[in-house]
Amino acid sequence: MAKRAVLLFVLLSAAGSLRAQVPTVTSVANAAAYSVSTGNIARGELLGIYGSNLATSTASNFAPTSPVASLGGAIVQIGGIEAPIIYASPTQLDVQVPFEIPAGVPSVNLVVFVGSSSSFPLTLNVVGQDFGMAYAQVGSQVFQVAGRNSAVVQAAAGAEIDIVAFGLGSVTPTVASGILPPAGTTFNTLAVPGVTVNGTSVTPTASVLVGLGLYLVKVINPVSSSGSVTVVLGGTAG
């Protein structure tokens, strides 16, 4: 009887240990600072996936020469397609949403695989754009975001303001996920994001993919005098 009790304890302990190692996703958000979970994703977007047991080690590959589908012992599928991974740790994964998600698909499941275990599927809505401002730049001066999708910059009247962002969606011509866009070609976003400068709506002069999940939006400062201006991607600050 005592032996059976010991065996039962061992089996229950092993089962509990296995459950504890199952990858668990607690939130998913655009990789930009101040981003929040919206339940939405856009093709080509860089995502931060947060939780526990998401990888067996910490690893990164920020400039891959070919798509990296497995990193730190983790594999991520979005809509059944393996998503390129650029950073992996037990509590965070940074991945690119595949451009290859078919047109017209309204939602997809995100699943993290570590070894023989997998997370519960997380359903996310597929949208055209899911904004996340990384930073703004005027000339050589970089301005960090001051809040979700907004930055305060110093700009002269008529100066070009560059917005570096994630989540601007599909581009033309198409480009494969998980690689740097080939040089010599301009990859324009299918949808041009709204931008405001000090509350004034400004039409971007360019909205292009420039890196792995990294986009560049250019606008001209409409303010008549030089000084501090607030730039908001998507038109409304979070």
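Since we're looking at a predicted model, the values are computed, not measured. (Residues numbered from 1 in each chain as written. Predicted model: local features only at pLDDT ≥ 70, side-chain atom pairs only at ≥ 80, totals over all residues. Heavy atoms only, no water.)

### So, the layout of surface pockets
Looking at the largest pocket, its volume works out to about 250 Å³. Arg43, Phe99, Ser170, Val171 and Leu190 are the residues nearest the centre of the largest pocket, which is lined by 18 residues in total. Taken together, the residues of the lining of the largest pocket break down into 11 nonpolar, 5 polar and 2 charged. (1 Å grid on protein atoms, 1.4 Å probe; cavity = no way out; pocket = protein on both sides within 12 Å on 5 of 7 lines; lining within 4 Å. Points joined across faces, edges and corners; volume = space filled by probe spheres on them. Nonpolar A, V, L, I, M, F, W, Y, C, P; charged D, E, K, R; others polar.)

### Here we look at the pairing of strand E6 (residues 74-78)
Of the two faces of E6, the one holding Ala74, Val76 and Ile78 is buried and the one holding Ile75 and Gln77 is not buried anywhere. Where strand E5 (residues 70-71) and E6 come together, 2 bridges link them in antiparallel fashion. Note on E6: the bridge partner recorded for Leu71 is Ala74. Linking E5 to E6, which pair antiparallel, is a turn of 2 residues; within it Gly72 sits at a positive phi near 60°. Alignment of E6 against strand E10 (residues 107-114), held across 5 bridges, turns out to be antiparallel. (Buried < 20%, exposed > 50% of the residue type's maximum accessible area, 1.4 Å probe, protein only. Helix = DSSP H or I, 4+ residues; strand = E, 2+ residues; numbered from the N terminus. Pairing = 2+ DSSP bridges.)

### As for the pairing of strand E13 (residues 132-138)
Counting buried positions along E13 gives 5 out of 7 residues, so the element sits mostly inside the fold. Of the strand pairs in this sheet, E13 and strand E16 (residues 160-166) are connected by 5 bridges, and their pairing is antiparallel. Its bridge partner being in E16, Tyr135 is matched across the sheet by Val164. Here 4 bridges tie E13 to strand E14 (residues 141-144), and the two strands are oriented antiparallel to one another. Note that in E14 the partner of Val138 across the bridge is Gln141. Here E13 hands over to E14 after 2 residues, with Gly139 in that stretch at a positive phi of 60°.

### What to know about the pattern of salt bridges
Tallied over the entire structure, the rule returns 2 salt bridges. The shortest N-O distance in the salt bridge between Lys218 and Glu160 comes to 3.1 Å. With a gap of 58 residues between them, Lys218 in strand E22 (residues 214-220) and Glu160 in strand E16 connect regions that are remote in the sequence. Overall, the relative accessible area of 22% leaves Lys218 in the partly exposed class. When the shortest N-O distance is used, the salt bridge between Lys218 and Asp162 registers 3.4 Å. Taken together, the residues span a long stretch of sequence, with Lys218 in strand E22 and Asp162 in strand E16 at a distance of 56 residues. Take Asp162: its relative accessible area is 13%, and that puts it in the buried class. (Salt bridge = Lys/Arg side-chain N within 4 Å of Asp/Glu carboxyl O.)

### As for the confidence of the model for the protein
Across the protein, pLDDT averages 91, with 90% of residues at or above 70. Segment residues 6-18: pLDDT under 50, and 0 contacts once partners within four positions in sequence are set aside and those in other chains are kept. (pLDDT = per-residue confidence, 0-100. Contact = heavy atoms within 4.5 Å.)

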